[in-house]
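Topology and contacts: notes
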Amino acid sequence: MVLRFKQLNSFLLLVTTVGLMACNNKKPGNKIVTRDSLVAKAFKPLSGAESLQVVHDIDSIDYDYLFKRKTNIWLSKLLNNSGLTWTNFRLTDFEKRNSEVERDDTLSKKFLDDYAGILEWSPDSSYLLDLGSYNREVKKDKAGKTHLEVIDFENEIRLYDVIAKKSKRLFFNGTASSTWDGHWADSSQVALVGVSDTSNSHHPDTLLWLIDVKNNFFRTYKYSKR
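The structure displayed is predicted, hence computed values, not measured ones.

Over its 20 residues, helix α3 (residues 48-67) runs 28 Å from end to end, which matches the ideal 28 Å to within 8%, given 1.5 Å per residue. Where α3 is concerned, the buried positions are Ser51, Val54, Val55, Asp57, Ile58, Asp59, Ser60, Ile61, Asp62, Tyr65, Leu66 and Phe67.

And the structure:
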């Protein structure tokens, strides 16, 4: 089951787009709500004005996490845009997902060594982000050196809770989408960048997904280089 923001009708989408353009001019002193209180509020019945405020608050908090914690440097390099600003991103969706089924998982030294190139530790080392062991196999060349080989188009982004010794699927890419890279904005916020073409238009959108792994709160931003 997914709780999704359903109030973006055509009128609100237009107003929201204008509102997001305005709130991209972040000013010191603006009141910023906590993420936990925002998640609790976002999926209650809201008036149009309250809905716009929620969108504004999500945008403001995400700006803070990405641009004040230097995640924008990683984004700039990944998107090959040295002039990257928050106005390059437009919030298109947010949702709170029920937790995926967890499984017991103990990280072995062999796994960590074999897949080191596609693993990202959270800053406090409490979580590990697996960006692609699902569709890769460890191969050896003639010299005995190991490398990772992609064996499938579909891929899973998996989250390991190191303390609880459990893991769960965080994100899944089918044939219409792919994830390029992932980065920890802090110890519970993951940023993923990739493309998606769910409408089969052959013109995939470049997307930024932000995920609060503790609250299972997913936000999707569409990227535009302008």
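What follows picks up the thread again.
Bringing the sheet that holds strand β9 (residues 166-173) into the picture now. Taken together, the five strands give an open sheet; going across it, the order is β3-β9-β8-β5-β4, and neighbouring strands pair in antiparallel fashion. Strands at the two margins of the open sheet, each flanked by one partner only, are β3 (103-104) and β4 (119-121). The pairing of β3 with β9 spans two bridges and is classified as antiparallel. Opposite Asp104, over in β9, you have Lys166 as the bridge partner.

Looking now at the pairing of β9. Strand direction decides the pairing type here: strand β8 (residues 155-161) and β9, joined by seven bridges, are antiparallel. When the sheet's bridge partners are listed, Glu156 is paired in β9 with Phe172. The loop that links β8 with its antiparallel partner β9 comprises four residues; one of these, Lys165, has a positive phi angle of about 55°.

Let's shift gears to the packing of helix α2 (residues 35-42) against α3. One way to put it is that α2 packs onto α3 with a least axis distance of 11 Å and a crossing angle of 150°. By the criterion of interaxial angle, the relationship of α2 to α3 is roughly antiparallel. As α2 runs across α3, the sense of the crossing is left-handed. On the side of α2, the interface is formed by Arg35, Leu38, Lys41 and Ala42, while α3 contributes Val54, Asp57, Ile58, Ile61, Asp62 and Tyr65. Considering only residue class, the contact of α2 with α3 consists of six nonpolar, no polar and four charged.

Here we take up the pairing of strand β12 (residues 205-212). Within β12, seven of the eight residues are buried, which leaves the element mostly enclosed by the surrounding structure. Sheet topology note: the strand β11 (residues 189-196)/β12 ladder contains eight bridges and is antiparallel. Across the sheet, Ala191 pairs through a bridge with Leu210, a residue of β12. Strand direction decides the pairing type here: β12 and strand β13 (residues 217-223), joined by six bridges, are antiparallel. Bridge pairing in β13 links Leu207 to Lys222.

Moving on: unusual backbone geometry. Generally, phi is negative for residues other than glycine and the peptide bonds are trans, each holding for most cases. The phi dihedral of Asn80 falls on the positive side, at around 55°, and the residue is not glycine. Residue placement: Asn80 occurs in the loop between α4 (71-79) and β2 (89-97). What makes Asn80 exposed here is its relative accessible area of 64%. Phi is positive for Asn216, close to 55°, though the residue is something other than glycine. When you line up the elements, Asn216 lands in the loop between β12 and β13. A relative accessible area of 10% places Asn216 in the buried class.

About the thresholds
Residues numbered from 1 in each chain as written. Predicted model: local features only at pLDDT ≥ 70, side-chain atom pairs only at ≥ 80, totals over all residues. Heavy atoms only, no water. Helix = DSSP H or I, 4+ residues; strand = E, 2+ residues; numbered from the N terminus. Expected span 1.5 Å × (residues − 1). Buried < 20%, exposed > 50% of the residue type's maximum accessible area, 1.4 Å probe, protein only. Pairing = 2+ DSSP bridges. Axes fitted to C-alpha atoms, helices over the stretch in contact; angles between N-to-C directions. Parallel < 35°, antiparallel > 145°, perpendicular 65-115°, else oblique. Left-handed = near helix turned anticlockwise from the far one by under 90°. Contact = heavy atoms within 4.5 Å. Nonpolar A, V, L, I, M, F, W, Y, C, P; charged D, E, K, R; others polar.

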